[in-house]
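Below, each chain spelled out in residue letters.
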Amino acid sequence: MTTRRDFLQSTVAIAGGLALSSFSQAKENSSETIYTPNKLTDAQGKYFLLPLPYSYNALEPVIDAKTVELHYNFHHKPAVTAANKAEDNLSVARDNNDFTLVKHYEKELAFNLSSHILHTHYWDNLSGKGGGIPKGNLLKAIENNFGSYDKLKTHLAAATISVEGAGWGILGYLPASGKLMVLQCENHQKLTAWGVIPILVLDVWEHAYYLKYQNRRSEYVNNLFDIINWNTVEQRFNGVL
Ligand SMILES: [Fe+2]
């Protein structure tokens, strides 16, 4: 059976040692820990929840500890369970040749697996020690595609703030075109363009900010830029070039 250590060793590139502690023991060490969560399953093909790379209060004051605790345990974690359940039920449907509920479980899979993928990126692309501006290849690509970092920031913030209902603002990369682009995602799976790989994701479901910001979504989104971990964002970008 593949253990969490096996999984992390296969999917996490780390300078300075593996962060293998449980979530309750996890410490803020984002400058050393680089998650590349492009493999979300164990050896059995089951989705599972990576530990947070920091403690609940690590993103304060931008995001309060209670919000991180609730978000991770009661919004991200159930999506992992539901994605596995959807795949299990589709397997049963094939075995029984009974596709009465196929539409339901296909929708469940798209919604919950997309939630799992985006939330995994979200935790990874934030840090209490974040902020600043991107560097290296990522900055060059941003300047080539958007004109400047400031133009990207303004575009991404506007797209994120104006998501209709619950959703995400996404900076993504399409390998087939070599372009970075901003997408506005509703729920977890709508308004995507096929093949675009999320590089930086900003969660604007109310569960991500309402305890602290209530209706002030724009304030939350603008503050998020103070905790973006550009190191992990650039790592992810370099990994998909
Ligand atoms: Fe969320």
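Here, every reference points to the structure presented above.
Asks: Can you walk me through the overall build of the protein chain in this structure?
Replies: Along the backbone of the protein chain there are 8 helices and 5 strands. Helices and strands in the protein chain line up, N terminus first, as α-β-β-α-α-α-α-β-β-β-α-α-α. Relative to its 241 residues, the protein chain shows a buried fraction of 47%. The contacts in the protein chain between residues at least 6 apart in sequence include a share of 68% that link residues at least 24 apart. As displayed, the protein chain has an accessible area near 11,700 Å², and 52% of this comes from carbon and sulfur atoms.

Asks: Would you mind showing me how to read the nonpolar core here?
Replies: For soluble globular proteins, the rule of thumb is that nonpolar side chains tend to be buried together. Among the nonpolar cores identified, the biggest contains 62 residues, and I63, Y122, L180 and Y220 are the most heavily contacted of them. The residues touching L180, leaving out its near neighbours within four places in the chain, are L138, A141, I142, N145, F146, L171, G172, Y173, I199 and F237.

Asks: Can you help me understand the pairing of strand 4 (residues 179-186) in this one?
Replies: Look at any regular strand and the pattern is simple: side chains alternate between the two faces of the sheet. Direction of pairing for strand 3 (residues 167-174) relative to strand 4: antiparallel, over a ladder of 8 bridges. Within strand 4, the position partnered with L171 by the bridge is V182. Count of turn residues in the strand 3/strand 4 antiparallel hairpin: 4 residues, of which G178 carries a positive phi of about 70°.

Asks: It is not clear to me how a nonpolar patch on the surface should be interpreted in this structure. Could you clarify?
Replies: Taken together, L70, F74 and L211 make up a surface patch of nonpolar side chains, about 300 Å² in accessible area. Mapped onto the elements of the fold, F74 is located in helix 2 (residues 65-96).

Asks: Would you mind showing me how to read the sheet that holds strand 4 here?
Replies: Backbone hydrogen bonds are what pair the strands of a sheet, in a parallel or an antiparallel way. Spatially, the 3 strands line up as an open sheet ordered 4-3-5, and their pairing is antiparallel. The open sheet terminates on both sides in strands that have one partner only, identified here as strand 4 and strand 5 (197-203). Averaged over all neighbouring strand pairs, the angle between strand axes comes to 20°, with direction disregarded. Strand contacts of helix 4 (residues 136-146): strand 3 and strand 4, with the helix running at about 80° to strand 4, the strand carrying the most contacts.

Asks: Sorry if this is basic, but what is going on with the coordination of the iron ion here?
Replies: Octahedral metal centres with six donors ideally show angles of 90 or 180 degrees, and tetrahedral centres with four donors ideally show 109.5 degrees. Binding of the iron ion to the protein goes through H71 (NE2), H119 (NE2), D203 (OD) and H207 (NE2), at separations of 2.0 to 2.2 Å. Each of the 4 donor atoms bound to the iron ion contributes to angles spanning 88 to 133°, and the resulting shape is tetrahedral. Counting gaps between the donor residues of the iron ion yields the pattern H-x47-H-x83-D-x3-H. A residue pair is termed long-range when its members are at least 10 positions apart, and H71 in helix 2 and H119 in helix 3 (residues 102-124) qualify at 48 residues. The buried category is assigned to H119, whose relative accessible area is 0%.

Asks: Is there a simple way to think about helix 4 in this case?
Replies: Quick reminder: α-helices carry 3.6 residues per turn. Residues three or four places apart thus point the same way. Within helix 4, the full set of buried residues consists of L138, L139, A141, I142 and F146. Projected down its long axis, helix 4 shows its buried positions confined to an angular sector of 165°, all on one face. Exposed residues lying more than 90 degrees from the buried face of helix 4 are K140 and N144. Turning to helix 4, the residues buried within the fold contact helix 5 (149-161), strand 3, strand 4 and helix 8 (230-240).

Asks: Looking at this structure, how should I read the packing of helix 4 against helix 5?
Replies: The packing of two helices is summarised by the inter-axis angle and the distance between the axes. Running from N to C, helix 4 and helix 5 cross one another at 75°; their axes reach a closest spacing of 8 Å. Considering their axes alone, helix 4 and helix 5 lie roughly perpendicular with respect to each other. On helix 5, the residues that touch L139, I142 and F146 of helix 4 are Y149, K151, L152 and H155.

Asks: Explain the pairing of strand 3 here, please?
Replies: Strand 3 sits mainly inside the fold: 8 of its 8 residues count as buried. Burial along strand 3 is two-sided: the residues G167, G169, L171 and Y173 and W168, I170, G172 and L174 are all buried. Sheet analysis places strand 3 next to strand 5, joined by 6 bridges and oriented antiparallel. The residue of strand 5 that forms the bridge with Y173 is I197.

So, how was this worked out
Residues numbered from 1 in each chain as written. Predicted model: local features only at pLDDT ≥ 70, side-chain atom pairs only at ≥ 80, totals over all residues. Heavy atoms only, no water. Helix = DSSP H or I, 4+ residues; strand = E, 2+ residues; numbered from the N terminus. Buried < 20%, exposed > 50% of the residue type's maximum accessible area, 1.4 Å probe, protein only. Contact = heavy atoms within 4.5 Å. Areas by Shrake-Rupley, 256 points an atom, 1.4 Å probe, with all protein chains shown as cover. Core = buried A, V, L, I, M, F, W, Y, C linked by side-chain atoms within 4.5 Å. Pairing = 2+ DSSP bridges. Patch = residues over 30% accessible without salt bridge, like charges linked within 9 Å, V, L, I, M, F, W, Y side chains within 5 Å. Salt bridge = Lys/Arg side-chain N within 4 Å of Asp/Glu carboxyl O. Axes fitted to C-alpha atoms, helices over the stretch in contact; angles between N-to-C directions. Donors = N, O, S within 2.8 Å, 3.2 Å for Na, K, Ca; no water. Tetrahedral: all angles 85-135°; square planar, octahedral: opposite > 155°, others 65-115°. Arc of directions from axis to C-beta. Parallel < 35°, antiparallel > 145°, perpendicular 65-115°, else oblique.

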